[in-house]
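A closer look at the structure
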Amino acid sequence: MAARNPAPPEVREKLSRALLDHGDRLYSLALRVTRDPDLAADAVQEAFATALERAGGFRGESSLGTWLHRIVYNKAIDLLRKRGKETALPDEETVVPGTDEDLARSPSWSRPPDEILLGAETVAALERAVGELTPLQRVVFELREVEGRTTDEVAEILEIPAGTVRVHLHRARMRLRALLSDHFRKAPA
Amino acid sequence: MKCDELHRRLTDHADGVLNAQDCAAVEEHLKDCAPCGALRRDLEDLARLCRETRRPRLPEEVRRRIAALLRTPAAR
């Protein structure tokens, strides 16, 4: 293999800063894709190695954080494929039963008090519910609702139209509301 | 605006991509429809739950390995 030019110090500096600023978020994204902590860690590490190699090609059209998210997302999918894709891939969406109207008919959460809404049992129920989303819904939900990125940034990371992001986000929100509805009905008043 | 149409537009409404007329129609419906108002409150609570939930952290060992990689002069 031909020797690569070492990345200049300023590039290393920027990526080191990005590791501090975005490391946890990149790991969360990889976890949502792979659902495997080891594979997610590998995806983040390989993504930084790739970023180091390709940093000269980064033209700043997107932010460094957005660019790294895109690399991590693609690495996570590649690693799943190499492993024989035990988990469905985000670009292989499954059809989920139930229309939006069925989901909308789920009982309301009725404004649970903070100690229940933000309690450990609800957090665990949310994690279980997110696990029931389709792979693309999980990733869109993570980036948009949890990380708070804009729809356009999510579209850029996943390389899909913004309208598609909104459709998957809407479905994810409606499904999570329906899935958590039971949890809040059983929660003590 | 009917309830099913409102449900489809809630995310667009939250994203601020509806035109003024559609936005007003959504607001009008939400004022008068208790079930849709409850749905919107649930989605607001879901957003808050997500914002305030502690996220997984990149394991320290992995962070150290990446930091070392970024310090090493040769790419690999």
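Not measured: the values here are computed from a predicted model.

Another aspect to go through is the overall build of chain A. Of regular secondary structure, chain A possesses 9 helices and 0 strands. Each helix and strand of chain A, ordered N terminal to C terminal, gives the series α-α-α-α-α-α-α-α-α. Taken over 189 residues, chain A has a buried fraction of 41%. For chain A, the share of sequence-separated contacts (at least 6 apart) that also reach a separation of at least 24 residues comes to 73%.

Listed by partner, the interface residues are 36 residues for chain B and 39 residues for chain A. For the side of chain B that touches chain A, the secondary-structure elements that each account for two or more residues are helix H1 (3–15), helix H3 (34–52) and helix H4 (60–71) of chain B. With 11 residues, the top contributor of residues to the side of chain B that touches chain A is H3 of chain B. Of the residues that constitute the side of chain B that touches chain A, the class distribution is 19 nonpolar, 3 polar and 14 charged.

This part covers the domain arrangement of chain A. Residue and element names in this part refer to chain A. Domain boundaries in chain A define domain 1 (9–82) and domain 2 (100–186). Using C-alpha coordinates to define each centre, domain 1 is positioned 24 Å away from domain 2. Opposite the 10 residues of domain 1 that make contact, domain 2 presents 10 residues. Elements with a contribution of two residues or more to the side of domain 1 that touches domain 2: helix H1 (9–34) and helix H3 (64–82). Considering every element that reaches the side of domain 1 that touches domain 2, the biggest residue donor is H1, with 5 residues. Of the residues that constitute the side of domain 1 that touches domain 2, the class distribution is 3 nonpolar, 4 polar and 3 charged.

What follows deals with unusual backbone geometry. Residue and element names in this part refer to chain A. Phi angles above zero are rare outside glycine, and Arg111 is one such case at about 45 degrees. Positionally, Arg111 belongs in the loop between helix H4 (100–104) and helix H5 (114–117). Located in the positive-phi region is Glu159, a residue other than glycine, with phi close to 55 degrees. With respect to the secondary-structure elements, Glu159 resides in the loop between helix H8 (151–158) and helix H9 (162–186).

To continue, consider the nonpolar core. The nonpolar side chains of a soluble globular protein tend to be buried, and buried together. Residues and elements named next belong to chain A. Ranked by internal contacts, the top residues of the largest apolar core, which has 61 residues, are Ala30, Val44, Val72 and Ala76. Both domains that furnish three or more residues to this core are identified here as domain 1 (9–82) and domain 2 (100–186). Ignoring any residue separated from it by four or fewer positions in sequence, one finds Ala76 in contact with Ala30, Val33, Thr34, Ala40 and Ala43.

This brings us to the packing of H1 of chain A against helix H7 (residues 135–146) of chain A. Residues and elements named next belong to chain A. For the pair H1 and H7, the least separation of the axes is 9 Å and the interaxial angle reads 165 degrees. Judged by the angle between their axes, H1 and H7 are roughly antiparallel. Both H1 and H7 take part in a crossing whose hand is right-handed. Together, Ser28, Leu29, Arg32 and Val33 of H1 and Pro135, Arg138, Val139, Glu142 and Leu143 of H7 make up the contact between the two elements. Of the residues contributing to the contact of H1 with H7, the split by class is 5 nonpolar, 1 polar and 3 charged.

When the terminal C-alpha atoms of H1 of chain B are compared, their 19 Å separation across 13 residues agrees well with the 18 Å that a helix rising 1.5 Å per residue should span. In the structure, H1 of chain B departs most strongly from a straight axis at Arg9 of chain B, where the bend amounts to approximately 45 degrees. Where H1 of chain B is concerned, the buried positions are Leu6, Leu10 and Thr11 of chain B. Tucked inside the fold, the buried residues of H1 of chain B contact H9 of chain A together with helix H2 (20–32) and H3 of chain B.

The rules we used
- Residues numbered from 1 in each chain as written.
- Chains lettered and ligands numbered in written order.
- Predicted model: local features only at pLDDT ≥ 70, side-chain atom pairs only at ≥ 80, totals over all residues.
- Helix = DSSP H or I, 4+ residues; strand = E, 2+ residues; numbered from the N terminus.
- Buried ≥ 20, exposed ≤ 12 C-beta atoms within 10 Å, placed from the backbone.
- Contact = placed C-beta atoms within 7 Å.
- Nonpolar A, V, L, I, M, F, W, Y, C, P; charged D, E, K, R; others polar.
- Domains from an automatic or database assignment.
- Core = buried A, V, L, I, M, F, W, Y, C linked by C-beta atoms within 7 Å.
- Axes fitted to C-alpha atoms, helices over the stretch in contact; angles between N-to-C directions.
- Parallel < 35°, antiparallel > 145°, perpendicular 65-115°, else oblique.
- Left-handed = near helix turned anticlockwise from the far one by under 90°.
- Expected span 1.5 Å × (residues − 1).
- Bend = angle between axes of the 7 residues up to and from the residue.

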